[in-house]
Amino acid sequence: MLDHVHIDLPERRLLIHGAWTDAANSLTFNTSNPATGEVITQIAEAGVLDIDAAVISARRALDEGPWPQMTGVQRGRILRRLADFIEQDRENLVVLEALDAGKPLAATRRQDLPAAIDCLEYYAGWADKIAGEVIPARPDALTYVTRQPVGVVAAIVPWNFPLMNAVWKIAPALACGCTVVLKPAELTPLSALRLGELALAAGLPPGVLNIVPGLGNVAGQSLIEHPGVDKISFTGSPQVGKHIMATAAQQCKRVTLELGGKSANIIFADADLDAAAHASGSGIFFNAGQVCSAGSRILVQESAHGALVERLVDRARRLKLGSPFDPETTMGPLISAVQQERVIRHIARGLEEGVRVACGGEVHGEQGYFVQPTVLASATNDMSVAQEEIFGPVATVIPFKDDAEAIRIANTSRYSLAAGLWTRDVTRAHRTAQALRAGTVWINTFGPTDTRLPWGGFGGDSGVGRDLGRTALDNYTEQKAVWLHLGKAA
Ligand code: NAD
């Protein structure tokens, strides 16, 4: 299959102060194709010295300019150009994500690329509209508040939406005049490196965006500890997120954490069951379930449980697992052998606890890290498969009696990222949406996101703060109150 695909690999070195450089200790690491397990190429591995150089570069670009000294219009123009270059390079990026992350071509064309481009365009529009305000506190002073860039931003991102997640961090940070050190996940560095090439071509000055692929416990760790970093914006596991928060606390660094989810998707018996089953299938099987907001707990009102499970199983059986380069493929592999084993272990534990496997449950194929789309039925909310984030194509279906029980089950979770609900009753829809502890609630749909809307959890293991929307500008600006003494009027 790959013989027919033109693959144009990007730079495989570190981007520091506008130049591509080998790691100081000359180390490299492999990045592999999750659909086959084969090594794709070697990437320079950032170590402590490289992280130091990247942060110093970002600091210089912040302190000496020209980035924060440019007008918002100029910064916006460069971000818009970057969006245009991504658009022109679209197919290359789609291929890189298929190769490195196992994402089916069509899915990346439909989701990741448009979202990344839209995000850059949206924040390009904000760059010249980030304003302070005059607050007339007292008559003998002119008092006003300005917004300034928060400083050097460490952006640390995972492997499930490699390009899109990187852009979600860098677009608002750059629009606000910050400079950035981006550490992509070690499993998926290729699209971030391409982004670096495009950013240089778009005219980002040296040091404004440094890109340092490397291991979490080496490159990531030295980045979060570095005193030159003012703000950490992280997406990934709760475990690492909490470690980052604790580390950042030593220097009172600001943090935004987008962590995990075990999102409840509530289907009332009065819902359009065909529509609910279809969207709920996408909600858990999209990206092979490796989505922080995956609808992994499907709560179904008792009288509809059988009918819904039947439809969901049918939806799962129609999925075509295979090479992400095959246009027929609708579900790709998991990212790694470790992730595959983790998912299979979760399913085995569910079986021990008494869940019923309605379909799937096993590894798929001879090569790569595929897992069958799996529906676990008649579960209860105290089972591990209802409480742990599996991060694979596994739907846990839990029956419920009435509205109060649905809300109680939905809110009994360490997570709080998103939730869905399906009903034809408009009052029930709004009442339930109000009661759910979740940063996003979808009614009669599941899964859409938009740059204009805030994205994040209500606390717990889903993290703190919000990406996207106008809100994200707060992540990357500091407010400064200025007093000008006027004295008494003559
Ligand atoms: P992870 O948290 O280990 O990795 C995410 C990023 O953090 C990577 O870039 C990694 O290199 C970096 N990192 C790791 N240790 C670090 C450290 N000590 N200091 C600084 N950076 C560090 O996540 P993972 O191993 O890629 O995935 C594990 C689990 O995380 C998944 O099973 C899933 O539950 C969750 N996850 C959630 C999301 C999400 O969007 N919320 C995305 C990916 C994974």
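It should be emphasised that the depicted structure is a prediction, and the values quoted were computed from it without experimental measurement.

Calculation rules
- Residues numbered from 1 in each chain as written.
- Predicted model: local features only at pLDDT ≥ 70, side-chain atom pairs only at ≥ 80, totals over all residues.
- Heavy atoms only, no water.
- Helix = DSSP H or I, 4+ residues; strand = E, 2+ residues; numbered from the N terminus.
- Buried < 20%, exposed > 50% of the residue type's maximum accessible area, 1.4 Å probe, protein only.
- Contact = heavy atoms within 4.5 Å.
- Pairing = 2+ DSSP bridges.
- Axes fitted to C-alpha atoms, helices over the stretch in contact; angles between N-to-C directions.
- Parallel < 35°, antiparallel > 145°, perpendicular 65-115°, else oblique.
- Left-handed = near helix turned anticlockwise from the far one by under 90°.
- Nonpolar A, V, L, I, M, F, W, Y, C, P; charged D, E, K, R; others polar.
- Core = buried A, V, L, I, M, F, W, Y, C linked by side-chain atoms within 4.5 Å.
- Polar contact = N/O pair within 3.5 Å; in protein donor to acceptor, adjacent residues only side chain to side chain.
- Arc of directions from axis to C-beta.
- Disulfide = S-S within 2.5 Å.
- Near = heavy atom within 4 Å.
- Areas by Shrake-Rupley, 256 points an atom, 1.4 Å probe, with all protein chains shown as cover.
- Salt bridge = Lys/Arg side-chain N within 4 Å of Asp/Glu carboxyl O.

(A) Spatial organisation of the environment of Trp 168. Relative to the helices and strands, Trp 168 is located in helix α5 (residues 162-175). A relative accessible area of 7% means that Trp 168 is categorised as buried. When near neighbours in sequence (up to four residues on either side) are disregarded, Trp 168 contacts Cys 119, Thr 449, Trp 455, Asp 467 and Leu 468.

(B) Region of interest: the sheet that holds strand β18 (residues 394-400). Reading across from one edge, β14-β17-β18-β13-β12-β19-β20 is the order of the seven strands in this open sheet, with mixed pairing throughout. Single-partner strands in this sheet number two, and they are β14 (356-359) and β20 (440-443). Geometrically, the sheet is characterised by an average inter-axis angle of 25 degrees between neighbouring strands, direction not taken into account. Across four bridges, the pairing between strand β12 (residues 264-267) and strand β19 (residues 418-422) is parallel.

(C) Structural context of the packing of helix α2 (residues 72-88) against helix α6 (residues 190-202). Between α2 and α6, the least distance of the axes is 9 Å, while the angle of their chain directions is 130 degrees. Considering the angle they form, α2 stands oblique to α6. In the crossing of α2 with α6, the sense of the turn from one axis to the other is right-handed. Across the interface between the two elements, Ile 78, Arg 81, Leu 82, Phe 85 and Ile 86 of α2 pack against Leu 195, Leu 198, Ala 199, Ala 201 and Ala 202 of α6. Residues that form the contact of α2 with α6 fall into these classes: nine nonpolar, no polar and one charged.

(D) Quick look at the nonpolar core. Ranked by internal contacts, the top residues of the largest apolar core, which has 130 residues, are Ile 86, Tyr 123, Val 180, Leu 182, Leu 195, Ile 266 and Val 375. If one sorts the elements of this core by residue count, helix α4 (residues 105-126) sits on top with eleven residues. Once residues within four sequence positions are removed from consideration, Val 180 is found in contact with Val 153, Ala 155, Ile 170, Ala 173, Leu 174, Gly 207, Val 208, Leu 209 and Asn 210. Core analysis: the second largest hydrophobic core is formed by 26 residues, Ala 23, Ala 58, Val 181 and Leu 259 among them.

(E) Focus on the side chain of Lys 262. On the secondary structure map, Lys 262 appears in the loop between β11 (254-258) and β12. Here Glu 388 takes part through its backbone oxygen, which lies 2.8 Å from a polar atom of the side chain of Lys 262. With near-sequence residues (within four places) excluded, Lys 262 lies in contact with Ser 296, Arg 297, Val 385, Ala 386, Gln 387, Glu 388, Glu 389, Ile 390, Ser 413 and Tyr 415.

(F) Up close: helix α13 (residues 403-411). All buried positions along α13 are accounted for by Asp 403, Ala 406, Ile 407, Ile 409 and Ala 410. On an axial view of α13, the arc spanned by its buried residues comes to 165 degrees, and they lie on one face. In this structure, α13 carries Ala 404 and Arg 408 as exposed residues pointing more than 90 degrees from its buried face. Next to the buried residues of α13 lie β12, β13 (297-301), β18 and α14 (426-435).

(G) Focus on the state of the cysteines. Overall, the coordinates contain zero disulfides when judged by the stated rule. Of all cysteine sulfurs, the one in Cys 176 lies closest to Cys 178, which takes part in no disulfide; the gap is 5.8 Å. Cys 119 provides the cysteine sulfur closest to Cys 292, a residue in no disulfide bond, and the two sulfurs are 14 Å apart. Its relative accessible area of 17% is what places Cys 292 among the buried residues.

(H) Fine view of the site of the ligand. Around the ligand sit 26 residues in total, of which Trp 159, Glu 186, Ser 237, Leu 259 and Glu 389 are the nearest. Interatomic distance of 2.3 Å between a side-chain N/O atom of Trp 159 and an oxygen atom of the ligand. Taking Lys 183, its side chain carries an N or O atom lying 2.9 Å from an oxygen atom of the ligand. Considered on its own, the ligand offers 820 Å² of accessible surface; in the complex 88% of this is hidden by protein.

(I) Quick peek at unusual backbone geometry. The peptide bond linking Gly 65 to Pro 66 adopts the cis configuration, its omega dihedral lying at 10 degrees. In this fold, Pro 66 is placed in the loop between α1 (48-63) and α2. Located in the positive-phi region is Asn 287, a residue other than glycine, with phi close to 55 degrees. Its relative accessible area of 12% is what places Asn 287 among the buried residues. Positive phi outside glycine occurs at Phe 391, with the angle close to 55 degrees. Summarising the element assignment, Phe 391 is placed in the loop between α12 (384-387) and β18.

(J) Structural context of the pattern of salt bridges. Going through the model one piece at a time under the given rule, you end up with 29 salt bridges. The partner of Arg 90 in a salt bridge is Glu 87, with the nearest N and O atoms 3.0 Å apart. According to the relative accessible area criterion, Arg 90 is partly exposed, its value standing at 23%. On the accessibility criterion, Glu 87 (38% relative accessible area) is partly exposed. A salt bridge links Arg 452 to Asp 450; the shortest N-O distance between them is 2.5 Å.

(K) Structural view of the packing of α2 against α4. α4 packs onto α2 with a crossing angle of 165 degrees between their chain directions and a minimal axis gap of 8 Å. As far as their axial angle goes, α4 and α2 are roughly antiparallel. Handedness of the crossing formed by α2 with α4: left-handed. From α2, Gly 76, Leu 79, Arg 80, Leu 82, Ala 83, Asp 84, Ile 86 and Glu 87 reach across to α4, where they touch Leu 113, Ile 117, Leu 120, Glu 121, Tyr 123, Ala 124 and Gly 125. When its residues are assigned to classes, the contact of α2 with α4 shows nine nonpolar, two polar and four charged.

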